[in-house]
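# Examining the three-dimensional arrangement
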Amino acid sequence: MSLRGEEDPLWYKDAIVYEVPVKSFFDANNDGIGDFSGLIEKLDYLHGLGVTCLWLLPCFPSPLKDDGYDISNYTDVHPSYGTIDDFKRLLAAAHERDLKVLIELVVNHTSDQHQWFQAARVAPAGSSARNFYVWSETDQKYQDARIIFIDTEQSNWAWDPVAKAYYWHRFFNHQPDLNYDNPEVLEQILHVMDFWLEMGVDGFRLDAVPYLIEREDTNCENLPETHIILKAIRRHIDTHWPNRMLLAEANQWPADVRPYFGDGDECHMAFHFPVMPRLFMALHLEERDPIVEIMERTPSIPETCQWALFLRNHDELTLEMVTDEERDYMYLAYSADPTARLNVGIRRRLAPLMNNSRHRIELLTSVLFSLPGTPIIYYGDEIGMGDDMHLGDRNGVRTPMQWSGDRNAGFSRADPQQLFSPVISDPVYGYQAVNVESEEHDPASLLHWTRNMIRLRRLFRVFGRGTIDFLQPANRAVLAYVRRHEEDDTILCVANLARNVQPVHLDLGEFAGLVPVEILGYTEFPVIGVEPYFLTLGPYGFYWFELQHRRR
Ligand code: NOJ
Ligand code: CA
């Protein structure tokens, strides 16, 4: 392991994160389920791709009714994925390649199979053991809290016949919420964190943080007491574990996410949920306003903090943080087939959402890589994997990684029936058409393109650290912004959101005398003058220009 004292404590600002479900990545022991040893075998692939940080989906013992977000033991791993020693080997192998490793910390709830819950059910009412969870004699408390999994749950309360009381759950009814009004709960969670940090993990994604505390006459989200808990968690990290990172999963409007950074004393990072659907919306509308508006409504954040940006992840493309009108528009534009809809969102991968258009995939990726924040790539999106919306819940976007055209997509040598999930096999996205091996051999593939873009993005610190200023050209199909960091680090990004060629005049007067150098091809463009700067962009075309001083 590297010496953490010498590391840049802000490493996450320059990171490129790869979200990976161990289960779906590579099966080394051929039992049909991906495992730690499999992921170790594929670390060279990830290192070669250029990502710098892995985010592992939950690997804990679990009944797997919510793909591991239902944890039954926080200080062990699920035997299907290997042993704690295997996990340690994975950490060491990742660190050897300078890859950081983030794991999940599901702070809001546990599985009902967790021993804390089993003990709580039989403990006397009012005892601390009982109060590890939130109980009530009626199911009428906290009626202002919305239901999140609206397709499966009717209430946030469920009856427990053993305790003879209702328990509170914001997600599935087999996921009782922990009770942070009981100080012992936080104490236990801090022990859990120490367990993994001691082993060497570089940070945690804090699942479902807005819901830690419940209060009557509120919507039970983002309450001040929740922030007190998070500050305590951060204090603990800062005191004992320098250079580790906390990433908040708070699916909220920007103004409500902002407090999760505190004064730099809460989470280091938080997902930017609202910008994500608006990227898709802007593309479909062929106009930049949705992106510019949400970015301009995004409050500034403390110097040490960072947004986490993403296009897709393991969940449905959530439409919670859009207006009713925008939601209708998104459903119409991106899920004509209602099978694609789940809860308040769309359960599809990036490539199918883009109708498999390389131009559109590349355009959205270029925006993802150049907006302020740290980009997260969802496994398989770098090769344009598809999905299977006929698999239940969100399983259609969690299918085995497509390594080759061999049996089981090269993911496993198990009997195909034994796989934890069928592989994608349709003619367009199936593993025979879309896989790592064939894309490695094809220099024009999406995989090569993505690798190149990651390499480029890593050359310019301004992307992770700089400010952003939007330009307002008359042609609204064109999205243009200037990223600036320190004195001489200035990049102009220009993107055409339309399917047809577009002209644009950019007001670049303040950069008069500088030379835009397009950084994909290192091509010099004409020097900027005081007149509006004219460009044409091909369909879904984009440019990244470094604004350079003229060479003497
Ligand atoms: C958010 C996770 O991303 C999702 O997959 C999970 O179902 C819920 N939290 C509940 O844990
Ligand atoms: Ca296995």
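Residues numbered from 1 in each chain as written. Chains lettered and ligands numbered in written order. Predicted model: local features only at pLDDT ≥ 70, side-chain atom pairs only at ≥ 80, totals over all residues. Heavy atoms only, no water.

Core analysis: the largest hydrophobic core is formed by 167 residues, its most contacted members being Tyr18, Leu56, Phe87, Trp196 and Phe280. A per-element tally of this core places helix H6 (residues 183–199) first, with nine residues. In this structure, leucine 56 is in contact with Val20, Val22, Leu39, Phe87, Leu90, Val101, Leu102, Ile103 and Glu104, ignoring residues within four places of it in sequence. The next biggest cluster of nonpolar side chains, apart from the first, holds 18 residues, and it includes Ala480, Val504, Ile528 and Phe545. (Core = buried A, V, L, I, M, F, W, Y, C linked by side-chain atoms within 4.5 Å. Buried < 20%, exposed > 50% of the residue type's maximum accessible area, 1.4 Å probe, protein only. Helix = DSSP H or I, 4+ residues; strand = E, 2+ residues; numbered from the N terminus. Contact = heavy atoms within 4.5 Å.)

All right, on to the coordination of the calcium ion (ligand 2) then. Those protein atoms acting as donors to the calcium ion (ligand 2) are Asp27 (OD), Asn29 (OD1), Asp31 (OD), Ile33 (O) and Asp35 (OD), and they sit at 2.2 to 2.3 Å. Donor residues for the calcium ion (ligand 2), ordered by position in the chain, follow D-x1-N-x1-D-x1-I-x1-D. On the basis of relative accessibility, which here comes to 26%, the residue aspartate 31 falls in the partly exposed class. (Donors = N, O, S within 2.8 Å, 3.2 Å for Na, K, Ca; no water.)

Of note, glutamate 286 is a non-glycine position whose phi angle comes to about 60 degrees, a positive value. Relative to the helices and strands, glutamate 286 resides in the loop between helix H9 (275–285) and helix H10 (289–296). With a phi angle near 55 degrees, asparagine 408 is a residue other than glycine that sits in the positive phi range. With respect to the helices and strands, the residue asparagine 408 is situated in the loop between strand S14 (374–378) and helix H14 (436–441).

Moving on to the state of the cysteines. According to the stated counting rule, one finds zero disulfides in the structure shown. Take cysteine 220: it sits in no disulfide, and the sulfur closest to it among the cysteines is that of cysteine 267, at 20 Å. A relative accessible area of 1% places cysteine 220 in the buried class. In this structure cysteine 305 is not part of a disulfide, and its nearest cysteine sulfur, from cysteine 267, lies 8.6 Å away. (Disulfide = S-S within 2.5 Å.)

The end-to-end C-alpha separation of H6 is 25 Å, in line with the 24 Å expected for 17 residues at 1.5 Å each. Within H6, the full set of buried residues consists of Val185, Leu186, Ile189, Leu190, Val192, Met193, Trp196, Leu197 and Met199. Close packing links the buried residues of H6 with helix H4 (84–96), strand S3 (100–106), helix H5 (115–122), strand S7 (203–207), helix H7 (224–240) and strand S8 (245–248). Just past H6, the residue glycine 200 takes up positive phi, approximately 120 degrees. (Expected span 1.5 Å × (residues − 1).)

Below, the discussion takes up the site of ligand 1. With respect to spatial proximity, the complete set of residues near ligand 1 consists of Asp66, Tyr69, His109, Phe149, Phe171, Arg205, Asp207, Glu249, His314, Asp315, Arg394 and Arg398. Arginine 205 is positioned such that a nitrogen or oxygen atom in its side chain is 3.1 Å from an oxygen atom of ligand 1. A distance of 2.8 Å separates an oxygen atom of ligand 1 from a polar atom in the side chain of histidine 314. Coverage of ligand 1 by the protein chains reaches 98% of its 290 Å² of free accessible surface. In terms of residue class, the shell around ligand 1 is made up of three nonpolar, two polar and seven charged. (Near = heavy atom within 4 Å. Polar contact = N/O pair within 3.5 Å; in protein donor to acceptor, adjacent residues only side chain to side chain. Areas by Shrake-Rupley, 256 points an atom, 1.4 Å probe, with all protein chains shown as cover. Nonpolar A, V, L, I, M, F, W, Y, C, P; charged D, E, K, R; others polar.)

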